[in-house]
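Notes for the structure review
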Amino acid sequence: MYDSLIHLQHRGQDAAGILTYQQKFHFKRGLGLARDIFQAHDIERMTGNIGIAHTRYPTTGRIELEDAQPFWTGVPFGMALAHNGNLVNYNEVKRKVSEERYRYVNSTSDGEVILHVLADELIKGMAENHVGIFFDLLCVAVAQLFKTMSGAYSAVGIIVGKGMLAFRDPHGIRPLARGVRVNSDGSKDYIFASEDTMFYSLDFKREEDVKPGEVVFIDNDGNLHSRVVGCETALSGREPEFSPCIFEYVYFARPDSMMNNVSVYRSRLRMGQNLARAWKTRYSNIMPDIVIPVPFTSNTAALAMAHELGVRYSEGLYKNAFIGRTFIMPNQDMRKKSVRYKLNPQEIEIKDKKVMILDDSIVRGTTSREIVQMVREFGAKGVYFVTVCPPIKFPCFYGVDMPTKSELVASARTEEEVRRYIGADILFYQNIPDLVEAVTRVQRIEHPCLACLNGRYVTGDVDEKKFKEIEENRNKDRGL
Ligand code: SF4
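Attention here is on the structure that accompanies the text. Since this is a predicted model, take the numbers as computed values, not measurements. (Residues numbered from 1 in each chain as written. Predicted model: local features only at pLDDT ≥ 70, side-chain atom pairs only at ≥ 80, totals over all residues. Heavy atoms only, no water.)

Remarks on the sheet that holds strand β9 (residues 188-193)
Picture the strands of a sheet paired through backbone hydrogen bonds; they go either parallel or antiparallel. Pairing is antiparallel in the open sheet, where three strands are placed in the order β9-β8-β10. Of all the strands in the sheet, the pair left with one neighbour each is β9 and β10 (205-207). Taking each pair of neighbouring strands and ignoring which way they run, the sheet shows an average axis angle of 35 degrees. Bridge count between strand β8 (residues 177-182) and β10: three bridges; the pairing is antiparallel. Counted as the bridge partner of Arg-178 is Glu-207 from β10. (Pairing = 2+ DSSP bridges. Helix = DSSP H or I, 4+ residues; strand = E, 2+ residues; numbered from the N terminus. Axes fitted to C-alpha atoms, helices over the stretch in contact; angles between N-to-C directions.)

Some remarks on the site of the ligand
The environment of the ligand is formed by Ile-173, Arg-174, Cys-245, Ile-246, Phe-247, Cys-396, Tyr-398, Val-400, Met-402, Cys-449, Ala-451 and Cys-452. Looking at the shell around the ligand residue by residue, the classes come out as eleven nonpolar, no polar and one charged. (Near = heavy atom within 4 Å. Nonpolar A, V, L, I, M, F, W, Y, C, P; charged D, E, K, R; others polar.)

Brief notes about the pattern of salt bridges
Applying the stated criterion across every chain yields a total of 26 salt bridges. We note a salt bridge from Asp-36 to Arg-35, for which the minimum N-O separation is 3.7 Å. Judged by its relative accessible area of 53%, Arg-35 is exposed. Across the salt bridge formed by Arg-376 and Asp-425, the nearest N and O atoms sit 3.1 Å from each other. Here the residue Arg-376 occupies a position in helix α12 (residues 366-377), and Asp-425 occupies one in the loop between α13 (415-422) and β21 (426-429), the gap between them amounting to 49 residues. In this structure Arg-376 comes out as partly exposed when scored by relative accessible area, which is 33%. The partly exposed category is assigned to Asp-425, whose relative accessible area is 37%. Linked through salt bridges whose partners overlap, the residues forming this network are Arg-11, Arg-174, Glu-195 and Glu-248. (Salt bridge = Lys/Arg side-chain N within 4 Å of Asp/Glu carboxyl O. Buried < 20%, exposed > 50% of the residue type's maximum accessible area, 1.4 Å probe, protein only.)

Here's the deal with the packing of helix α8 (residues 264-282) against helix α14 (residues 432-440)
Helix packing geometry: the angle between the two helix axes and the distance between the axes. Interaxial distance between α8 and α14 falls to 8 Å at its minimum, and their mutual angle equals 145 degrees. Between α8 and α14 the crossing geometry is right-handed. Packed against α8, whose contacting residues are Ser-267, Arg-270, Met-271, Asn-274 and Ala-278, the element α14 presents Asp-434, Leu-435, Glu-437, Ala-438 and Val-439 at the interface. Taken together, the residues that form the contact of α8 with α14 break down as five nonpolar, two polar and three charged. (Left-handed = near helix turned anticlockwise from the far one by under 90°. Contact = heavy atoms within 4.5 Å.)

Comments concerning the nonpolar core
If you look at the biggest cluster of nonpolar residues, it comprises 58 residues, and the most contacted ones within it are Phe-247, Trp-279, Met-305, Leu-358, Ile-392 and Tyr-398. Beyond its immediate chain neighbours, meaning those up to four positions away, Met-305 contacts Gly-272, Leu-275, Ala-276, Trp-279, Met-356, Leu-358 and Val-386. In this structure, Val-105, Leu-137, Met-149 and Ile-159 belong to the second largest nonpolar core, which totals 34 residues. (Core = buried A, V, L, I, M, F, W, Y, C linked by side-chain atoms within 4.5 Å.)

Thoughts on the sheet that holds strand β4 (residues 71-73)
Strand order in the open sheet made by the six strands is β4-β5-β6-β7-β11-β12, with antiparallel pairing throughout. Every interior strand has two partners, whereas the edge strands, β4 and β12 (224-228), have only one. Taken over all neighbouring pairs, the strand axes of this sheet differ in orientation by 15 degrees on average, direction set aside. Summarising the sheet, strand β7 (residues 163-168) and strand β11 (residues 214-219) pair through five bridges and their orientation is antiparallel. Each bridged residue has a counterpart across the sheet, and for Phe-167 the counterpart in β11 is Val-215. Set on the sheet, helix α5 (residues 110-128) makes contact with β4, β5 (79-87), β6 (151-159) and β7; between it and β5 the angle comes to about 125 degrees.

Quick look at unusual backbone geometry
Here the amide bond leading from Gln-69 into Pro-70 is cis, since omega sits at 0 degrees, within 30 degrees of zero. With respect to the secondary-structure elements, Pro-70 resides in the loop between β3 (51-56) and β4. Along the chain, Pro-295 connects to Phe-296 via a cis peptide bond; the corresponding omega equals 0 degrees. By the secondary structure assignment, Phe-296 is in the loop between β15 (290-293) and α9 (299-309). For Gln-23, which is not glycine, the phi dihedral falls at a positive 65 degrees. Inspection of the secondary structure puts Gln-23 in the loop between β1 (15-22) and β2 (24-31). Although it is not a glycine, Asn-261 sits at a positive phi angle of roughly 65 degrees. Within the secondary structure, Asn-261 sits in the loop between β13 (258-259) and β14 (262-263).

This is how it looks when you write it as structure tokens:
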């Protein structure tokens, strides 16, 4: 699990936790990077053949140790849980859990609330005694949970004396991969993870992803049970559409991930191809001398774009890999300052050239503006700023920590105004259909989540009041 966290470190750098079970829960949680939190003696005492590990970047809650996952509760059985995602109706669910079910919630993390709801539904199921087989009981409990929760949640858990479970919300917004490893005695080990980036090094083979609305349960004898229970039970009352996050492919996931049967790497190559075609249509008489990616996320798309345009791909911005991703850094000043620490322009590649900068996205615009300025300082003749992601106009409420609407540079500005703000000669965004095509060319996904681009929140319950409430919570958590 420690190795897995290292392979998932890009998904969150604020906190991490590992919990195992052998006669009792053994756990450690801490703030910061996994390699700094866990020492050899911590790993040695976390015994057992079942466990959960989590790396956190907060979308709900503060950066405090109390909010680090996994969470556990003693009733019923002893249960632990960690999740990836974000609840839209966190406030309502938390209120219900504490006021109607008398459960104490110690953190501001939605993971703890999900654990309490699941625990409570299991107790209710047992009291009603309408099912005898534990997996059936579990499915009823998760189906009830789907009726209560709105948002994105891919969860994994342990139930003492019973086994291990994994489930994914009915829209399948956040990913959840499943792998298996066959031991020399024929027994099987299972792994569930947001990305399959650790499968190869830990000898696991990739199996299908956990489906939207599916519950997977590995009992204590190692038997796997699975059932889709979330089809008609989403809170919105509508049959939920499979809506995986498109931004995982643009930015969040590691390029070597296979996500929902789509290779992140290949999808990024296709994004670059589509961008090049669109550029040639729009600017048939303007060609850059070089294409420089903002490393590392946009490297793949830039490679394809340069190839399609027939111009040189250049690593004219060198990235210091030992500084955190600016997107995740907590405040504006730190973000701004870190751009120059993090990216070093190479004059020899830039001077007197028409430079096309390719970045994955423009969020607040401050990083893009800094980059354009830096490239100009190093003597570029022209700066064309191309972005793989269409304008981000709306915040994400499903697990990607975007700022509030007013902080998103494209939310209330035209493309021309954003161009002027960042100071580029040309600003060129990928359009939404081209982005969707790049992700879904080889694997049909009819309704990917595009809420941050088009404002259509797939859970169907983000009205103006909800929007305001979530943004206020977010600002409160950030101390604004
Ligand atoms: Fe992903 Fe954007 Fe949807 Fe959030 S709103 S889940 S970032 S596509």
